[in-house]
Amino acid sequence: MPALKRMLRSFAVRGATALSRGILRLAVYAARGFGAVRLWRGQPRTLWGVTPILTLDLKARADRLLGFRSASLVYATYVITSRFDLNLQRPYLLALRHGLGPAFQRVVLAWALIRYDVFHFFADRGLLDSTDRLQISFEELAALRRAGKRVYIYAYGADVRTRQATLALGKWNFCVDCTEAPKYCTCHDAQAQRYVSELTKNVTALVSLGDMLTYMPTAKHINYWPLDLDQLSAVLPDTPSGPLRIAHAPNHTHFKGSKYLERTIDGLKAQGYDIEYCKIQGVPNSEVLALFAQSDVVADQFIGGAYGYTALEAMALGKPVLSFVRSADLVEAPEECPIINATPDELEQALLWIIRNRNCLRKIGEQGRRYVERWHGISAVAARLGQLYRDTANFPPIVVDRIRSAQDREEVRRNALPVVGNWQHPFQIARLPASDGLDALMKAP
């Protein structure tokens, strides 16, 4: 009986595989017609997937501000959030249980080809599983190309980060404390370069930001981390008394330089400074935000050379952010960005300045909130995505005009929000190199 069950299951899997491939082939041919009609009507649709990045659904919302019908889609979620438009985790797990995972994914891809015109993926996965780790299936890219779809590939970090290129960045980099390569990142430089080269030939554009530009040098440089500012209310630092409360929420401590932060804090506490340090990991995003709201300063990351999404969330909450940013070129409007910039070598000086100038933290927090309101809200990211489409998508005039109108509205909105006065400090990103900040520190009260 077990042998019969295995045989029947094998027949079912082979049948489902053949059927799903047939469905996908038909969808490839039909998709062009459906897409052409939508574009003619000025009604393109976009899909964001499949990596369950915290901001995926916000990016879909940004597209909606441009007049597109847009959705986010995932096959799995993490503890951080399960907030996506199309969460296929349950049906996908059921299909996997019966050996039908690949067939299920092909049917999903076929459906998406018919329904959507623009596809946005991160570099580590698409709608079909790949035989290569942290890569998009080239079977899928070929289907998207044959169906005439616009395809954009983004980076989030580990999906493009390679070891030798990272180590070449200087003393402080994401690989300096990693002892488990290639557990977390793609790591292999030659292999990653070949992959990025093939992606370039098969997609509409590669898109990157921050430290990921090192690994995708031909990519469009766009900051694509949006914030839902309606859900994040500022809780500014209050009276400069009591212990200095520092919050830190690393996903992987060895990538964030957590040990340098903790070593510095311990050293300052041993000198008698009153510091309250709280680290939180592996919890829903709502708990992270609650911790930040109760803190005076949020510590982001100190070896990678670019701030993370955590820093943006903290600024939205009106909190001064302590982090290391390698270059002002990696930051949107760096002259407005109030991040307190420090490498591990400079952490003690930066923390001493904060301790001695706690009366300045409220203004820095106010400017952080204003900074993200001006440059990192959903509408701000929508305007940047709109420019990406105008530069690369070859949309019909009716779509381009709608995008241009949204961009004009965003410019008016941003210009109505002035920056905060008198927030500047010695460790500004726009004042690189950081040694300039240390000279100013010596003159600080």
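Just so it is clear, the structure is predicted and the values come from calculations on it, not from any experiment.

### A word on the overall build of the protein
Alright, step 1. Along the backbone of the protein there are 16 helices and twelve strands.
Alright, step 2. Expected size for 445 residues packed as a compact globule is a radius of gyration near 22 Å; at 24 Å, the protein falls within 12% of this value.
Alright, step 3. Along the three orthogonal principal directions, the C-alpha set of the protein runs to about 75 × 55 × 35 Å.
Alright, step 4. Out of the 445 residues belonging to the protein, those deemed buried represent 55%.

### Focus on empty space enclosed by the protein
If a probe the size of a water molecule is rolled over the atoms, the empty space left behind becomes visible.
Alright, step 1. Considering all chains together, one arrives at three cavities of 30 Å³ or more under this definition.
Alright, step 2. The space that makes up the largest cavity amounts to roughly 60 Å³.
Alright, step 3. In terms of lining residues, the largest cavity is bounded by 13 residues, among which Cys175, Cys178, Cys185, Cys187 and Phe255 are the most central.
Alright, step 4. If you add up the space inside the second largest cavity, you get close to 50 Å³.
Alright, step 5. Along its surface, the second largest cavity is lined by Arg133, Leu134, Gln135, Asp159, Val160, Thr186, Gln191, Ala192 and Tyr195.

### A look at helix α9 (residues 258-270)
Alright, step 1. For α9, which comprises 13 residues, the first-to-last C-alpha distance of 18 Å matches the rise-based estimate of 18 Å (1.5 Å per residue) to within 8%.
Alright, step 2. Buried within α9 are the following residues: Ser258, Tyr260, Leu261, Thr264, Ile265 and Leu268. For α9, the arc enclosing every buried residue in end-on projection is 165 degrees, short of the 170-degree limit, so these residues lie on one face. Exposed side chains of α9 directed beyond 90 degrees from the buried face belong to Arg263 and Ala270.

### Section: the pairing of strand β1 (residues 45-49)
Alright, step 1. By the criterion of burial, β1 is predominantly enclosed, with five of the five residues buried.
Alright, step 2. The alternating pattern of β1 places Arg45, Leu47 and Gly49 and Thr46 and Trp48 on opposite faces, both of which are buried.
Alright, step 3. Relative to strand β2 (residues 69-74), β1 is paired through four bridges, and the arrangement is parallel. Pairing of Leu47 across the sheet is with Ala71, part of β2.
Alright, step 4. This β-α-β element, β1 to helix α2 (residues 56-65) to β2, shows right-handed connectivity.
Alright, step 5. Bridge count between β1 and strand β4 (residues 118-122): four bridges; the pairing is parallel. Its bridge partner being in β4, Gly49 is matched across the sheet by Phe121.

### Focus on the pattern of salt bridges
Alright, step 1. With the rule as written, the count across this model stands at 21 salt bridges.
Alright, step 2. Note that Asp296 and Arg358 form a salt bridge whose closest N and O atoms lie 3.4 Å from each other. On the criterion of sequence distance, the pair formed by Asp296 in the loop between α10 (285-293) and β10 (297-299) and Arg358 in the loop between α12 (347-356) and α13 (361-375) is long-range, its members being 62 residues apart.
Alright, step 3. Put simply, Asp238, Arg245, Asp296 and Arg358 are held in one network by salt bridges that share partners.

### Thoughts on the packing of aromatic side chains
Alright, step 1. Under the criterion given, the structure shown has 18 aromatic pairs.
Alright, step 2. Centre to centre, the rings of Phe122 and Tyr156 are 6.0 Å apart; their planes meet at 65 degrees, and the pair counts as edge-to-face. Residue Phe122 is found in strand β4, and its partner Tyr156 is found in the loop between β5 (150-154) and α6 (163-167); the two are separated by 34 residues along the sequence.
Alright, step 3. Using a relative accessible area of 1% as the deciding quantity, one classes Phe122 as buried.

### Some details on the nonpolar core
Alright, step 1. With 109 residues, the main nonpolar core has Leu113, Leu127, Tyr389 and Phe395 as its most contacted residues.
Alright, step 2. When sequence neighbours within four positions are dropped, the list of residues in contact with Leu113 reads Leu24, Ala27, Val28, Ala31, Phe119, Ala143, Leu144, Ala147 and Lys149.
Alright, step 3. Counting residues in each nonpolar core, the second largest holds 25 residues, with Trp172, Ile265, Ile340 and Ala350 among its members.

### Examining the environment of Gly15
Alright, step 1. For Gly15, the position within the fold is in helix α1 (residues 2-41).
Alright, step 2. Each C-alpha atom of the pair Gly15 and Ala247 lies 54 Å from the other, and the pair is 232 residues apart in sequence.

### Things to note about the sheet that holds β4
Alright, step 1. The sheet built from seven strands is open, its strands ordered β3-β2-β1-β4-β5-β6-β7 with parallel pairing. Of all strands in the sheet, those with a lone pairing partner are β3 (86-87) and β7 (220-221), marking the two edges.
Alright, step 2. Bridge analysis of β4 against β5 gives five bridges, and the strand direction is parallel. What sits directly across from Phe122, in β5, is Tyr154.
Alright, step 3. Packing of helix α4 (residues 101-115) onto the sheet brings it into contact with β1, β2, β3 and β4, and relative to β2 it is tilted by some 170 degrees.

### Comments concerning the sheet that holds strand β8 (residues 244-248)
Alright, step 1. Within the open sheet, the five strands sit side by side as β9-β8-β10-β11-β12. Their pairing is parallel. Bordering the open sheet on either side are β9 (275-279) and β12 (340-341), each of which pairs with just one other strand.
Alright, step 2. Sheet topology places strand β11 (residues 321-323) next to β12; two bridges connect them, and they run parallel. Bridging from a neighbouring strand, Leu322 pairs with Ile340 of β12.
Alright, step 3. In this fold α9 packs onto β8, β9 and β10, with an angle of close to 155 degrees to the strand it touches most, β9.

### Structural notes on unusual backbone geometry
Alright, step 1. Omega for the bond connecting Gly49 with Val50 falls within 30 degrees of zero, at -10 degrees, which places this linkage in the cis form.
Alright, step 2. The phi angle at Asn422 is positive, at roughly 60 degrees, despite the residue not being glycine.
Alright, step 3. With respect to the helices and strands, Asn422 occurs in the loop between α15 (397-415) and α16 (435-443).

Procedures and definitions
- Residues numbered from 1 in each chain as written.
- Predicted model: local features only at pLDDT ≥ 70, side-chain atom pairs only at ≥ 80, totals over all residues.
- Heavy atoms only, no water.
- Helix = DSSP H or I, 4+ residues; strand = E, 2+ residues; numbered from the N terminus.
- Rg over C-alpha atoms; globule rule 2.2 N^0.38 Å.
- Buried < 20%, exposed > 50% of the residue type's maximum accessible area, 1.4 Å probe, protein only.
- 1 Å grid on protein atoms, 1.4 Å probe; cavity = no way out; pocket = protein on both sides within 12 Å on 5 of 7 lines; lining within 4 Å.
- Points joined across faces, edges and corners; volume = space filled by probe spheres on them.
- Expected span 1.5 Å × (residues − 1).
- Arc of directions from axis to C-beta.
- Pairing = 2+ DSSP bridges.
- Right-handed = clockwise from strand over helix to strand, strands pointing away.
- Salt bridge = Lys/Arg side-chain N within 4 Å of Asp/Glu carboxyl O.
- Phe/Tyr/Trp six-rings, centres within 6.5 Å; stacked < 30°, edge-to-face > 60°.
- Core = buried A, V, L, I, M, F, W, Y, C linked by side-chain atoms within 4.5 Å.
- Contact = heavy atoms within 4.5 Å.
- Axes fitted to C-alpha atoms, helices over the stretch in contact; angles between N-to-C directions.

None of the figures reported here should be taken as evidence of function without further support.
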